[in-house]
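Each chain, written out:
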Amino acid sequence: PRRCSSALKLGAYTAAFIGSPDNIIVATGSCATCATTEVTHDGGVTWKPQIQGDWVPQVKALLGGSAIAIAGTYLGGNTIIKTTDYGDSWKTLPGTFDLDSYSFEVDPCEPNFIFVINEEATTISDNIGAIYISTDGGNTFTLTQYTPTKFFSGSVARTPIALFIQTERKTA
């Protein structure tokens, strides 16, 4: 299997702080040949690799020692991975979505609702920007919006009362 160096050394894409007495931090990062989700139990002094693939662009902390992340491989596409034990183990959920999806948001009070934004930012593309929604925690995803002339820019933000997904129009 491929091995990556620490996400901290490589520059993490995102980090999530999972509330616990031992200061758990989960970070995602990439290197030239692979990506990894790594966990630290000592505030970032040492890191333990958990999940490896072609990329792991984002992680989000949930309540009660849980977190979810996007993880993907060139052959299998993207899925959601989930931990319920402060990052010590991860489960790959069966729902899949386009590989060039980098951004997502989850409702922390209702973690079954996951919104994934397909940015159409790579050559691995079907030229259709999309929003995928899961209402079962990542087990399945429904394509909810697409327009071949619109490309989602990858920016998504949540407030207590709304979810914002930024779009832009690509012109020839």
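These numbers were taken from a predicted model, which means no experiment stands behind them.

Colleague: What am I meant to see in the nonpolar core here?
Modeller: Proteins that are soluble and globular tend to have nonpolar side chains buried together. Core analysis: the largest hydrophobic core is formed by 13 residues, its most contacted members being Ile68, Ile80, Phe97, Ile114, Val116 and Phe141. Among the elements of the structure, strand E6 (67-73), strand E8 (91-97), strand E9 (101-107), strand E10 (110-118) and strand E11 (129-134) are those that each provide at least two residues to this core. If we ignore the near neighbours within four places in the chain, the residues touching Val116 are Ile70, Phe97, Ser101, Ser103, Phe104, Ala130, Ile131, Tyr132 and Phe141.

Colleague: Could you clarify how one ought to interpret the side chain of Thr40 in this entry?
Modeller: Tracing the backbone shows Thr40 in strand E3 (residues 35-40). Overall, Thr40 belongs to the buried group, its relative accessible area being 0%. At 2.6 Å, the side chain of Thr40 forms a polar contact with the side chain of Asp42.

Colleague: Explain the pairing of E6 to me, please; I cannot follow it from the model alone.
Modeller: A regular strand places its side chains on the two faces of the sheet in alternate fashion. Most of E6 is tucked away, with six of its seven residues classed as buried. Both strand E5 (residues 59-61) and E6 contribute to a ladder of three bridges, which runs antiparallel. Paired with Ala61 across the two strands is Ala67, which belongs to E6. The antiparallel hairpin formed by E5 and E6 contains five residues in its connecting segment, where Gly64 sits at a positive phi of about 75°. Judged from the seven bridges that link them, E6 and strand E7 (residues 77-83) form a sheet pairing that is antiparallel. Counted as the bridge partner of Ala67 is Thr83 from E7.

Colleague: Looking at this model, I keep getting lost on the environment of Thr46. Mind explaining?
Modeller: Structurally, Thr46 is set in the loop between E3 and strand E4 (48-53). Overall, Thr46 belongs to the partly exposed group, its relative accessible area being 48%. Apart from the residues lying within four places of it in its own chain, the contact partners of Thr46 are Val39 and Thr40. Only 2.7 Å separates the side chain of Thr46 from the side chain of Asp42, close enough to count as a polar contact.

Colleague: What exactly am I supposed to notice about the packing of aromatic side chains here?
Modeller: The geometry of an aromatic ring pair is captured by the separation of the ring centres together with the interplanar angle, meaning the angle of the planes. A full pass over the atoms with the stated rule returns two aromatic pairs. Ring geometry for Phe97 and Phe141: centres 4.9 Å apart, planes at 70°, overall edge-to-face. Taken together, the positions of Phe97 in strand E8 and Phe141 in the loop between E11 and strand E12 (142-147) put the pair 44 residues apart, joining distant regions of the chain. You can call Phe97 buried: its relative accessible area is 5%. An aromatic cluster of three or more residues is present, and its members are Phe97, Tyr132 and Phe141.

What counts as what
- Residues numbered from 1 in each chain as written.
- Predicted model: local features only at pLDDT ≥ 70, side-chain atom pairs only at ≥ 80, totals over all residues.
- Heavy atoms only, no water.
- Core = buried A, V, L, I, M, F, W, Y, C linked by side-chain atoms within 4.5 Å.
- Buried < 20%, exposed > 50% of the residue type's maximum accessible area, 1.4 Å probe, protein only.
- Helix = DSSP H or I, 4+ residues; strand = E, 2+ residues; numbered from the N terminus.
- Contact = heavy atoms within 4.5 Å.
- Polar contact = N/O pair within 3.5 Å; in protein donor to acceptor, adjacent residues only side chain to side chain.
- Pairing = 2+ DSSP bridges.
- Phe/Tyr/Trp six-rings, centres within 6.5 Å; stacked < 30°, edge-to-face > 60°.

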